[in-house]
Amino acid sequence: MAAIDRHSATLALAHALSAAERGLPVIPLSRTKLPALPSPHRDEPGPTVLCRGECGRPGHGVHDATTDPATVRTLFAAAPWATGYGIACGRSPHHLIGIDLDTKAETDSAAALQRLALKHLFTIPETVVVLTPSGGSHLWLTGPPDRVVPNSASRLAPGIDIRGAGGYLVGPGSLTAHGIYRLAPGTAHLAPAPCPRALLRLLTPPARPRYSTGRPVQGHGLVQFVLAAHQGQRNTRLFWAACRAYENGFGEDLAGSLVDAAVRTGLTEQEARATIASAARLTIPPPRSLRIDRTDQAG
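This one's a predicted model, so the numbers in the text were calculated from it and none came from an experiment.

(A) Region of interest: unusual backbone geometry. Here serine 92 and proline 93 are connected by a cis peptide whose omega angle stands at 5°. Within the fold, proline 93 resides in the loop between strand S2 (84–88) and strand S3 (96–101). Of note in the backbone geometry, leucine 121 takes a positive phi value of approximately 60° without being a glycine. Along the chain, the position of leucine 121 falls in the loop between helix H3 (109–120) and strand S6 (129–131). Its identity is not glycine, yet serine 154 carries a phi of approximately 60°, on the positive side.

Below you can see the structure in the form of structure tokens.
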């Protein structure tokens, strides 16, 4: 068993390095499809620490994802039990979007996607397709850098999950408890295709309703709160400020100012928009028929 595990770990690292060479940020995964490295904050007293890697230690799930070969090797060396790898979605340069077509007895997610394509007048392009051990498939698409696609579960249709910003896909060649993820025949030579515009509109959350008070935009204090963030506090402060803004009905009005403030503290615009999108999703409850998504979404 030990020899098999070492062989699986070696293969996982090789596949991960190959993906990183193609500009796909990767992290090591365990056989459960979860990030292999435990959180460095798991034993810290007090409330849960909202850290996305600012502390400089590994173990922050998808936020550890990297394309740097040396860092990839370091992450896998710290998790010798890893038998797979995850590919972070929504990250530069590809801004990957994963369409996860699940297989369940009561759903036909592939047919549901075809119906959506007919209804909204888009064509599903030829692209990378990864076959899952359960019989499902992952379609890889790319999105524009200025659009944040959130994770969702069965929002478009039953059995269709979306992996976007803050989520990851299990990479082909990964060994999990249920089997191996493999590239579909005839797709290995393809690059991820651009997401059709009509489908992208379905994947992007609708604009939040704006509540007009007849007064100038509120939230100057929240912007200043973000601007005062030191390294290690940036995401935490931005997330907290965005939650307060959405709770008080002016989140959409303040979002641009919060992004600008976060960028001035050192975050990238994409990171800032992803954090604000997360705050919006958590603050404004989804319809009761939808499932609540996890922070790090795996496919």
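(B) The pairing of strand S1 (residues 26–29), seen in detail. A two-sided burial pattern is seen for S1, the buried positions comprising Val26 and Pro28 on one face and Ile27 and Leu29 on the other. In this sheet, S2 lies alongside S1 in antiparallel orientation, the contact comprising 4 bridges. Considered in S2, the bridge of proline 28 is made with tyrosine 85.

(C) Quick peek at the nonpolar core. In this structure, Val26, Val72, Phe76, Tyr85, Ile87, Leu96 and Trp140 are the most contacted members of the largest nonpolar core, which totals 31 residues. Residue assignment for this core shows that the elements contributing at least two residues are helix H1 (2–21), S1, helix H2 (69–78), S2 and strand S10 (167–170). Sort the elements by how many residues they give to this core and H1 lands first, with 6 residues. Not counting chain neighbours up to four residues away, the residues in contact with isoleucine 87 comprise Leu24, Pro25, Val26, Leu96, Trp140, Gly167, Tyr168, Leu169 and Gly171. Residues Ala117, Phe122, Leu139 and Ile162 belong to the second largest nonpolar core, which totals 24 residues.

(D) Quick look at the packing of helix H5 (residues 220–227) against helix H6 (residues 234–247). Contact geometry of H5 with H6 gives a least axis separation of 9 Å together with a crossing angle of 170°. Looking at the two axes, H5 sits roughly antiparallel to H6. Contacts from Leu222, Phe225 and Val226 in H5 reach Arg237, Leu238, Trp240, Ala241, Arg244 and Ala245 in H6.

(E) Molecular detail of the packing of aromatic side chains. In this structure the tally under the stated criterion is 1 aromatic pair. The ring of phenylalanine 225 has arginine 237 sitting right over it, with the charged end atom 4.2 Å from the ring centre. It is arginine 244 that lies over the ring of tryptophan 240; its NZ or CZ is 5.0 Å from the centre.

(F) Structural detail: H2. Along H2, the residues that are buried comprise Val72, Leu75 and Phe76. Seen along its axis, H2 keeps its buried residues to an arc of 95°; they face one direction. Every exposed residue of H2 that faces more than 90 degrees away from the buried side is listed here: Thr74 and Ala77.

(G) A look at the pairing of S10. On S10, burial covers both faces: Gly167 and Leu169 on one face and Tyr168 and Val170 on the other are all buried. Pairing analysis gives 3 bridges linking S2 to S10, with the strands arranged antiparallel. Residue pairing for S10: isoleucine 87 is matched across the bridge by leucine 169.

Rules behind the numbers
- Residues numbered from 1 in each chain as written.
- Predicted model: local features only at pLDDT ≥ 70, side-chain atom pairs only at ≥ 80, totals over all residues.
- Heavy atoms only, no water.
- Helix = DSSP H or I, 4+ residues; strand = E, 2+ residues; numbered from the N terminus.
- Buried < 20%, exposed > 50% of the residue type's maximum accessible area, 1.4 Å probe, protein only.
- Pairing = 2+ DSSP bridges.
- Core = buried A, V, L, I, M, F, W, Y, C linked by side-chain atoms within 4.5 Å.
- Contact = heavy atoms within 4.5 Å.
- Axes fitted to C-alpha atoms, helices over the stretch in contact; angles between N-to-C directions.
- Parallel < 35°, antiparallel > 145°, perpendicular 65-115°, else oblique.
- Phe/Tyr/Trp six-rings, centres within 6.5 Å; stacked < 30°, edge-to-face > 60°.
- Lys NZ or Arg CZ within 6 Å of the ring centre and 35° of its normal.
- Arc of directions from axis to C-beta.

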